[in-house]
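Descriptive structure summary
What follows is each chain in one-letter form.
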Amino acid sequence: MRRHTLFAAALMSAALVFMPPSGQAQSPEDLNDLEIAHVAYSAGALDIRYAHLALAISENPKIREFAALMLRDHGAVNDAAVALITRLNVTPKDNEVSQSLVAQAAGIRSRLRAAEGAEFDRIYAENELSYHQFVNGALAGIFIPNAQNAELKALLEDALATFKAHEHHAEAMVEAVSMAGE
Amino acid sequence: MTFARGFAVLAAAVSAAGAAWLTAPAEAGDSEPEVHRIEIRRFAFIPAQLEVRPGDIIEWVNNDAVPHTSTAEDGAWDSEELSRGASYRVTVDWQGSRDYICAYHPHMTGRIDVVGVAPGE
Ligand SMILES: [Cu+2]
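Residues numbered from 1 in each chain as written. Chains lettered and ligands numbered in written order. Predicted model: local features only at pLDDT ≥ 70, side-chain atom pairs only at ≥ 80, totals over all residues. Heavy atoms only, no water.

1. Quick word on the packing of helix α4 (residues 96-114) of chain A against helix α5 (residues 117-146) of chain A
Residue and element names in this part refer to chain A. Which entries qualify depends on this criterion: Angles run from 0 to 180 degrees between N-to-C directions of axes, and those axes are lines fitted to C-alpha atoms, restricted for helices to the stretch in contact. Helix and strand labels come from DSSP, where a helix needs a run of H or I of at least four residues and a strand needs a run of E of at least two; each type is numbered from the N terminus. Angle categories: roughly parallel below 35 degrees, roughly antiparallel above 145, roughly perpendicular from 65 to 115, and oblique for all the rest. Handedness of a helix crossing follows the sense of rotation of the near helix relative to the far helix, less than a right angle counterclockwise being left-handed and clockwise being right-handed. Note on contacts: a residue pair is in contact if any heavy atoms of the two residues lie within 4.5 Å. In this classification, the charged set is Asp, Glu, Lys and Arg, the nonpolar set is Ala, Val, Leu, Ile, Met, Phe, Trp, Tyr, Cys and Pro, and all remaining amino acids, among them Gly, are polar.
The interhelical angle for the contact between α4 and α5, taken along N-to-C directions, is 165°, at an axis separation of 10 Å. Judged on the interaxial angle alone, α5 and α4 are roughly antiparallel. In this structure, α4 meets α5 at a crossing whose hand is right-handed. In this structure, α4 uses Leu101, Ile108, Arg111 and Leu112 to contact α5, whose residues at the interface are Phe120, Ile123, Tyr124, Asn127, Tyr131 and Phe134. Counted by class, the contact of α4 with α5 contains eight nonpolar, one polar and one charged residues.

2. Points about empty space enclosed by the protein
Residues and elements named next belong to chain A. Rule in force here: Throughout, the protein atoms alone are placed on a 1 Å grid, and a set of points is a cavity if a 1.4 Å probe fits but cannot get out or a pocket if it is open with protein on both sides within 12 Å along at least five of seven lines; lining residues have an atom within 4 Å of a point. Grid points are joined across faces, edges and corners, and a volume is the space filled by probe spheres set on the points.
Summed over all chains, the structure comprises three cavities of 30 Å³ or more. Counted as a void, the largest cavity has a volume near 90 Å³. Taken together, eleven residues make up the lining of the largest cavity; nearest its centre are Val39, Ala43, Val135, Ala138 and Phe143. Elements supplying a minimum of two residues to the lining of the largest cavity: α2 (33-57) and α5. The leading source of residues in the lining of the largest cavity is α5, at five residues. Class assignment of the residues belonging to the lining of the largest cavity gives a composition of eleven nonpolar, no polar and no charged.

3. Description of the coordination of the copper ion
Residues and elements named next belong to chain B. For the record, the criterion: Metal donors were taken as nitrogen, oxygen and sulfur atoms no farther than 2.8 Å from the ion, or 3.2 Å where the ion is Na, K or Ca. Water is excluded, so coordination may look unfinished. For the exposure calls, accessible area comes from a 1.4 Å probe over protein chains only, and a residue counts as buried if that area is under 20% of its type's maximum, exposed if over 50%, partly exposed in between.
Each protein donor to the copper ion is listed here as His68 (ND1), Cys102 (SG) and His105 (ND1); together their distances run 2.0 to 2.2 Å. In terms of primary sequence, the donors binding the copper ion are separated according to H-x33-C-x2-H. The exposure classification of Cys102 matches that of His105, with both residues buried.

4. Overview of the interface of chain B and chain A
Quick note on the threshold: Note on terms: buried area is the combined drop in 1.4 Å-probe accessible area of two parts once they are placed together, counting the loss on both. Each reported salt bridge corresponds to a side-chain nitrogen of Lys or Arg within 4 Å of a carboxyl oxygen of Asp or Glu. Distance and chemistry together define a polar contact, namely a pair of N or O atoms within 3.5 Å, with one atom able to donate a hydrogen and the other to accept it when in protein, and with adjacent residues in sequence counting only for side-chain atoms on both sides.
Contacts between chain B and chain A engage twelve residues on the former and 13 residues on the latter. At the boundary of chain B with chain A, total buried surface from both sides reaches about 1000 Å², with 60% on carbon and sulfur atoms. Interface area lost by chain B to chain A is led by B:Arg42, B:Phe43 and B:Tyr104, which between them contribute 43%. Counting across the chain B and chain A interface gives two salt bridges. B:Arg42 is the salt-bridge partner of A:Asp158, the closest N and O atoms lying 2.7 Å from each other. For the pair chain B and chain A, the number of links is two residue pairs in polar contact (both at pLDDT 80 or more). Looking at the side of chain B that touches chain A residue by residue, the classes come out as six nonpolar, two polar and four charged.

Here it is as structure tokens:
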């Protein structure tokens, strides 16, 4: 039960991030291709930072295995993104959606750094699940439909397939970690 | 190996190859080991289930940006990390069915069913 409450709270806070405080702020729907590319790359890079933290702190084999998977997969997807932007000779553009993702992740990292043992594992697992759910929702619902460049669209579709696999894996990890803690 | 024995082996090899070449029509796909290609794409083995014959060759090719593996559940083979564009081949030298997974993403599963006998048997 507690898990679901936390999870709902995480989803709500993720939604709030994208809710502009004033009418002038950018929302995910407003982004152009270069901004979408920036958000997608940032989302991967932030998950890589969480994974490094998990490998530094957690001793749970399931958590460590998942973190290694995040390093490998998000690294590969972001390498593919770099190859594409290099080939297209463009530069992804920073934007308010990327900035709020970065700011929110900094908060989560400080929560993670303050935790240890089973508590760390639980926060990491729940955050990975809600993070992937949130990113996948944005990819499927907004970024993939809105992307204009066909190659960017294909890259985002590959990314979505990858992150969906992670989402399923994260569900199992949350389950395992919460059972271990009870 | 003596010269005579070496010559005999060589002659036998040449005549076997020649005989096979003479008797096998060019399109005799039925009697040649087949190469079956399994594509890894968007976190799936395509096709996920494959029927092969003993002696056939199975080749996995990873077309995803992320690395995958082809790893037999019983340990019979393990491609280890296949990055994008990499491939891995296994020669079918067993009978019956074998299940395999991607070791990195274990929800990715596949099965090889060996049916029939080897070509020429
Ligand atoms: Cu895989």
